[in-house]
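The chain contents come next:
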Amino acid sequence: MLAGFNDLATTHPAVAAEWHSEDAGLGPTEVTAGSGLVVQWLCSDGHSWPAPVSRRALAGSGCPSCTTAHTSAAEQRLVQALDSWLTDVRPGARLDDVRMGRNHRATVDALGAFQGRRVAIEYDGAFWHKSEAAVERDIRKTRLLSEAGFVVVRVRTNDLGLLPSQPGLVQVGFKQPTGSESRTAAAYKELSSAIESALISYLRAPHRGS
Ligand SMILES: [Zn+2]
């Protein structure tokens with residue numbers, strides 16, 4: 001490692017600026033971006049969390065609290081927008097009859113009913129759904145929900161891409177909006193309509209009717 005050449009502060013100044021560990025003699029000029037050293041980070045919203053240097057610098061992971069807050073705010077907006085056409089909408093529901101593991105009941109981001117079918121809606125934020133393990137988990141969970149009688153709607157955000165198609169799965173891509181409140185509200189309204197249209201065409205296909 002050569003300070004001023006390939007140290008973290010030089011190669012990744014934005015990540016280095018969030019360095020929060022206070023161990024004497026150890027700072028962003030003393031490690032490279034590939035270091036597995038676990039240090040404490042501080043985001044601009046004041047959240048502190050531990051992560052390896054390489055995960056931040058090379059894998060590009062950010063503050064988990066900010067990411068979660070962003071996702072749950074998005075889920076809330078979506079649930080509100082769905083209310084115009086989906087009946088019995090419930091956010092953040094836990095399902096007693098669908099188990100992911102022995103003691104692990106499945107939760108879904110929103111539940112509702114449409115044309116006599118139970119609908120489970122998942123809002124897949126890029127942060128938690130990107131890895132290969134996450135894709136496998138999403139496919140498996142979709143299968144379990146479908147076997148339990150749900151139509152599963154997955155909102156795949158930003159650059160996540162769609163999952164391979166499988167029975168019972170309806171997918172809608174969505175670019176998370178940035179900018180003004182009115183544009184954000186309009187984007188979620190559009191998303192809600194896109195989900196409704198996708199569900200209508202899915203349920204209209206003859207072999208899929210209830
Ligand atoms: Zn944060």
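Just so we're clear, the structure is a prediction, and the values are computed from it rather than from any experiment.

(A) Looking closely at the domain arrangement of the protein. Segmenting the protein into domains produces domain 1 (8-60) and domain 2 (65-208). The gap between the C-alpha centroids of domain 1 and domain 2 is 34 Å.

(B) Molecular detail of the sheet that holds strand 3 (residues 87-101). Read from one edge of the open sheet, five strands run 3-4-5-6-7, paired in mixed fashion. Strands at the two margins of the open sheet, each flanked by one partner only, are strand 3 and strand 7 (169-174). For this sheet the average axis-to-axis angle between neighbouring strands, irrespective of direction, equals 35°. Of the pairings in the sheet, the one linking strand 6 (residues 150-157) to strand 7 comprises six bridges and is parallel in character. Pairing of V155 across the sheet is with V172, part of strand 7. Along the sheet, helix 4 (residues 64-82) makes contact with strand 3, strand 4 (104-114), strand 5 (117-124) and strand 6, crossing strand 5 at roughly 150°. Sitting on the sheet, helix 6 (residues 132-147) is in contact with strand 3, strand 4, strand 5, strand 6 and strand 7, with an inclination near 155° to strand 6.

(C) Structural detail: empty space enclosed by the protein. Within the structure shown, the criterion is met by one cavity of 30 Å³ or more. In this structure, the largest cavity is lined by E75, L78, V79, D109, A110, I121, E122 and Y123. Listed by contribution, the elements that provide at least two residues to the lining of the largest cavity are helix 4, strand 4 and strand 5. A breakdown of the residues in the lining of the largest cavity according to their chemical character gives five nonpolar, no polar and three charged.

(D) View of the packing of aromatic side chains. Applying the stated criterion to the full structure yields four aromatic pairs. Summarising the aromatic geometry, the rings of Y123 and F174 are spaced 6.5 Å apart at their centres and angled 70° between planes, so their arrangement reads as edge-to-face. On the criterion of sequence distance, the pair formed by Y123 in strand 5 and F174 in strand 7 is long-range, its members being 51 residues apart. Accessibility expressed as a relative area gives 10% for F174, which makes it buried. Ring pairing ties together the aromatic residues Y123, F174 and Y188, which thus form one cluster. Just above the ring of W41 sits the side chain of R56; from NZ or CZ to the centre is 5.0 Å.

(E) The arrangement of unusual backbone geometry in detail. Its identity as a non-glycine residue notwithstanding, Q115 has a phi of 50°, on the positive side. Tracing the backbone shows Q115 in the loop between strand 4 and strand 5. Positive phi values are uncommon outside glycine, yet N158 reaches one of about 50°. Within the element layout of this structure, N158 appears in the loop between strand 6 and strand 7.

(F) Quick look at the environment of E136. On the secondary structure map, E136 appears in helix 6. Residue class for E136 comes out exposed when judged on its relative accessible area of 56%. A sequence separation of 27 residues divides E136 from L163, and the C-alpha atoms of the two residues are 9.4 Å apart.

(G) Seen up close, the coordination of the zinc ion. Coordination of the zinc ion by the protein is provided by C43 (SG), H47 (ND1), C63 (SG) and C66 (SG), with metal-donor distances spanning 2.0 to 2.3 Å. Given four donor atoms and angles of 102 to 115° at the metal, the environment of the zinc ion is assigned as tetrahedral. Sequence spacing of the donor residues for the zinc ion, all on one chain, is C-x3-H-x15-C-x2-C. Placement of the pair is C43 in the loop between strand 1 (38-42) and strand 2 (48-52) and C63 in the loop between helix 3 (53-57) and helix 4, with a sequence separation of 20 residues. Here C43 matches C63 in class, with each residue buried.

Here is what the cut-offs are and how they apply
Residues numbered from 1 in each chain as written. Predicted model: local features only at pLDDT ≥ 70, side-chain atom pairs only at ≥ 80, totals over all residues. Heavy atoms only, no water. Domains from an automatic or database assignment. Pairing = 2+ DSSP bridges. Helix = DSSP H or I, 4+ residues; strand = E, 2+ residues; numbered from the N terminus. Axes fitted to C-alpha atoms, helices over the stretch in contact; angles between N-to-C directions. Contact = heavy atoms within 4.5 Å. 1 Å grid on protein atoms, 1.4 Å probe; cavity = no way out; pocket = protein on both sides within 12 Å on 5 of 7 lines; lining within 4 Å. Points joined across faces, edges and corners; volume = space filled by probe spheres on them. Nonpolar A, V, L, I, M, F, W, Y, C, P; charged D, E, K, R; others polar. Phe/Tyr/Trp six-rings, centres within 6.5 Å; stacked < 30°, edge-to-face > 60°. Buried < 20%, exposed > 50% of the residue type's maximum accessible area, 1.4 Å probe, protein only. Lys NZ or Arg CZ within 6 Å of the ring centre and 35° of its normal. Donors = N, O, S within 2.8 Å, 3.2 Å for Na, K, Ca; no water. Tetrahedral: all angles 85-135°; square planar, octahedral: opposite > 155°, others 65-115°.

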